[in-house]
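# Topology and contacts: notes
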Amino acid sequence: MTTGTEPTERLRRWRLVLGGEQADGTGCALSGREAGMDGALAALYGKGDRPQTGRERAAGLGASAPSVARWLGDIRTYFPSSVVQIMQRDAIDRLGLSALLLEPEMLEAVETDVHLVGTLLSLNKAMPETTKETARAVVRKVVDDLEKRLATRTRATLTGALDRSARVTRPRHHDIDWNRTIAANLKHYLPEHRTVVPERLIGYGRAARSVKKEVILCIDQSGSMAASVVYASVFGAVLASMRSISTRLVVFDTVVVDLTDQLDDPVDVLFGTQLGGGTDINRALAHCQAHLTRPAETVVVLISDLYEGGIRDEMLKRVAAMKASGVQFVTLLALSDEGAPAYDREHAAALAALGAPAFACTPDLFPEVMAAALEKRPLPIPETA
């Protein structure tokens, strides 16, 4: 049975959704906390330049830092962190608030996330000295949170892959891969004893301290790839911390920048990028190709939406040549939680024909993708790719 308060609650929720214009049909007034929520929503999702009457949802944020700072405080009061991050992103996109992020007091008021870091990096060159330290602190917080979330699982997954990629034929007892050993010796099953007599042991040697594999991360730093640049920089630092993997990190637009010497601090890597500009994948891959020392033990990861501004045929020839030399080539359209962006489907199809299918990868899936590449087995491509 419906109580008398439930319809009113439902009307209030519809009133918040519809914005209180005369045509919303609810006839419901808001007060207290709900009125505050409505005001915060009105400031961002109002009617813009259309005429306003009464308290319609068209308040706007104006252009002053104090009003924006108050609004940022309000939304953090009324909404959960995940919603705050979306509203901040919408405010930057819809109301052009990027310039206000150059003020330290504004940065201290925002909710930090990957997308905010991307925005700050795009403003890096215009950022005054008074803001840079605050901006670095914001980026540091996001990077530290990502490392806590991703580092342990990545190291564990890739260490296992390195161990398995070093299989030996005369393993010590604790290095025997029992599943593969049993599968290889099923023909030696003795029914009367109900057991398998293994004539050939299969195992894997533990990864030694010397470098076993080489990884080159080649990252498109055009504006649409901001979140991917952030995640790739964090993963690059994690990979660089593993003794058995030699890691190189390259970012590119129409210019190629090698940031390998900064991999011990992903914040330095991020502030070494320049989001925006054109794209020359061919030039970036030429740089990677020139640094191949052990192709058969190397994984090259290209992270790009594949909108090539360079020489398309040369790009494809480089990929084909690297694969022919034994390189494991991985093409990621994005490394983020948002799925595949707009991308060049013709180039994606051409790469797939070369055995390097392009797909979007979440940060949680990336360790599994890298493990498969290190072991030279099929990549775990998502079904939606």
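The model shown is predicted, which means the values in this text are computed figures rather than measured ones.

## Examining the packing of helix α11 (residues 281-290) against helix α12 (residues 312-324)
- Where α11 meets α12, the closest approach of the two axes is 8 Å, and the angle between their N-to-C directions is 25°. By the angle between their directions, the pair α11 and α12 is classed as roughly parallel. The handedness of the crossing between α11 and α12 is left-handed. Along the contact surface, α11 presents Ile281, Asn282, Leu285, Ala286 and Gln289, while α12 presents Glu314, Met315, Arg318, Val319, Ala321 and Met322.
- For the contact of α11 with α12, the class distribution of residues is seven nonpolar, two polar and two charged.

## Description of unusual backbone geometry
- If you check the backbone angles, leucine 306 has positive phi at about 70° while not being a glycine.
- Note on placement: leucine 306 falls in the loop between β8 (298-303) and α12.
- Even without glycine at this site, lysine 376 takes up a positive phi of about 60°.
- Looking at the secondary structure, you find lysine 376 in the segment after α14 (366-375).

## Focus: the pairing of strand β9 (residues 328-335)
- With seven of its eight residues buried, β9 lies for the most part within the structure.
- The pairing of β8 with β9 spans five bridges and is classified as parallel. When the bridges of β9 are listed, leucine 302 appears paired with threonine 331.
- Each parallel crossover has a hand, and for β8 linked through α12 to β9 it is right-handed.
- As judged from the four bridges shared by β9 and strand β10 (residues 358-361), these two strands associate in the parallel manner. By the bridge assignment, alanine 334 is partnered in β10 with alanine 360.
- Note that the unit made of β9, helix α13 (residues 345-353) and β10 has a crossover that is right-handed.

## Observations concerning the nonpolar core
- Within the largest apolar cluster, 76 residues are counted, with the highest numbers of intra-cluster contacts made by Trp71, Leu120, Val301 and Phe366.
- Here this core takes 10 residues from helix α7 (residues 129-165), the largest share from any one element.
- In terms of nonpolar packing, the next biggest core, distinct from the first, is built from 25 residues, Leu302, Met322, Leu333 and Tyr343 among them.

## Notes on the sheet that holds strand β5 (residues 213-220)
- The strand order across the open sheet built from six strands is β7-β6-β5-β8-β9-β10, with neighbouring strands paired in mixed fashion. Looking at strand neighbours, the two that pair on one side only are β7 (256-258) and β10, the edges of this open sheet. When strand polarity is set aside, the average angle formed by the axes of neighbouring strands in this sheet is 25°.
- Sheet topology note: the strand β6 (residues 245-252)/β7 ladder contains three bridges and is antiparallel. Paired with phenylalanine 252 across the two strands is valine 256, which belongs to β7.

## As for α13
- Turning to α13, its buried residues number three or more, namely His347, Ala348, Ala350 and Leu351. Down the axis of α13, the buried set is contained in an arc of 160°. They therefore lie on one face. Along α13, the residues that are exposed and aim more than 90 degrees away from the buried face are Arg345, Glu346 and Ala353.
- Close packing links the buried residues of α13 with α12, β9 and β10.
- Between the side-chain oxygen of the N-cap and the backbone nitrogen of glutamate 346 there are 3.1 Å, and the N-cap of α13 in question is aspartate 344.
- Once α13 finishes, glycine 355 follows within two positions and takes phi at roughly 90°, a positive value.

## Topic: the confidence of the model for the chain
- For the chain, per-residue confidence averages 82 on the pLDDT scale, and 82% of positions sit at 70 or higher.
- Across the chain, the element-wise mean pLDDT spans from 54 in strand β1 (residues 167-168) up to 98 in β8.

## Description of the pairing of β6
- Buried residues dominate β6, accounting for six of its eight residues.
- Examined bridge by bridge, β5 and β6 share eight bridges and lie parallel to one another. Paired with isoleucine 219 across the bridge in β6 is valine 251.
- Handedness of the crossover is the feature at issue here: the chain leaves β5, passes through helix α9 (residues 226-240), returns alongside β6, and the resulting connection is right-handed.
- Here β6 hands over to β7 after three residues, the two strands then running antiparallel side by side.

## Some details on the pattern of salt bridges
- For the structure shown, the criterion picks out 13 salt bridges.
- The salt bridge partner of lysine 213 is glutamate 297, with a shortest N-O separation of 2.8 Å. With lysine 213 in strand β5 and glutamate 297 in the loop between α11 and β8, this pair connects stretches of sequence that are 84 residues apart.
- The buried category is assigned to lysine 213, whose relative accessible area is 7%.
- Note that glutamate 375 is salt-bridged to arginine 377, the shortest N-O span being 3.4 Å.
- Given the relative accessible area of 18%, glutamate 375 is considered buried.
- It is possible to trace a salt-bridge network through shared partners that takes in Arg312, Asp313 and Glu346.

Thresholds, definitions, all that
Throughout, a residue's number is its position along its own chain's written sequence, starting from 1. Whole-chain, interface and lining totals are the exception, using all residues; otherwise, since this is a predicted model, local features are given only for residues with pLDDT of at least 70 and side-chain atom pairs are given and counted only at 80 or more. Processing note: side-chain calculations cover all non-hydrogen atoms of the structure and skip hydrogens and water entirely. Only the stretch in contact is used when fitting a helix axis, every axis being a line fitted to C-alpha atoms; angles between N-to-C directions are given from 0 to 180 degrees. Strands here are runs of E lasting at least two residues and helices are runs of H or I lasting at least four, both read from the DSSP assignment and numbered beginning at the N terminus. Working rule for angles: under 35 degrees goes down as roughly parallel, over 145 as roughly antiparallel, 65 to 115 as roughly perpendicular, anything else as oblique. Put simply, a crossing is left-handed when the front helix is turned counterclockwise from the back one by less than a right angle, and right-handed when it is turned clockwise. Here, residues are in contact when the closest pair of their heavy atoms is within 4.5 Å. For this classification, Asp, Glu, Lys and Arg are treated as charged, while Ala, Val, Leu, Ile, Met, Phe, Trp, Tyr, Cys and Pro are nonpolar and the rest, including Gly, are polar. Think of it in three bands: residues with accessible area under 20% of the maximum for their type are buried, residues over 50% are exposed, and the middle band is partly exposed, with areas taken using a 1.4 Å probe on protein chains only. Strand pairing requires that DSSP identify at least two bridges connecting the strands. Every crossover in which the path from the first strand over the helix to the second runs clockwise, viewed with the strands pointing away from the viewer, is termed right-handed. Each nonpolar core is a collection of buried residues, namely Ala, Val, Leu, Ile, Met, Phe, Trp, Tyr and Cys, held together in the definition by side-chain atoms within 4.5 Å. In this context, the arc is that of the directions from the helix axis out to the C-beta atoms. Identification of polar contacts relies on pairs of N or O atoms within 3.5 Å, with a donor-acceptor requirement for protein atoms, meaning one able to donate a hydrogen and the other able to accept it, and with residues adjacent in sequence counted only if both atoms are side-chain atoms. Think of pLDDT as the predictor's per-residue confidence, scored from 0 to 100. Salt bridges are defined as contacts in which a side-chain nitrogen from Lys or Arg sits within 4 Å of a carboxyl oxygen from Asp or Glu.

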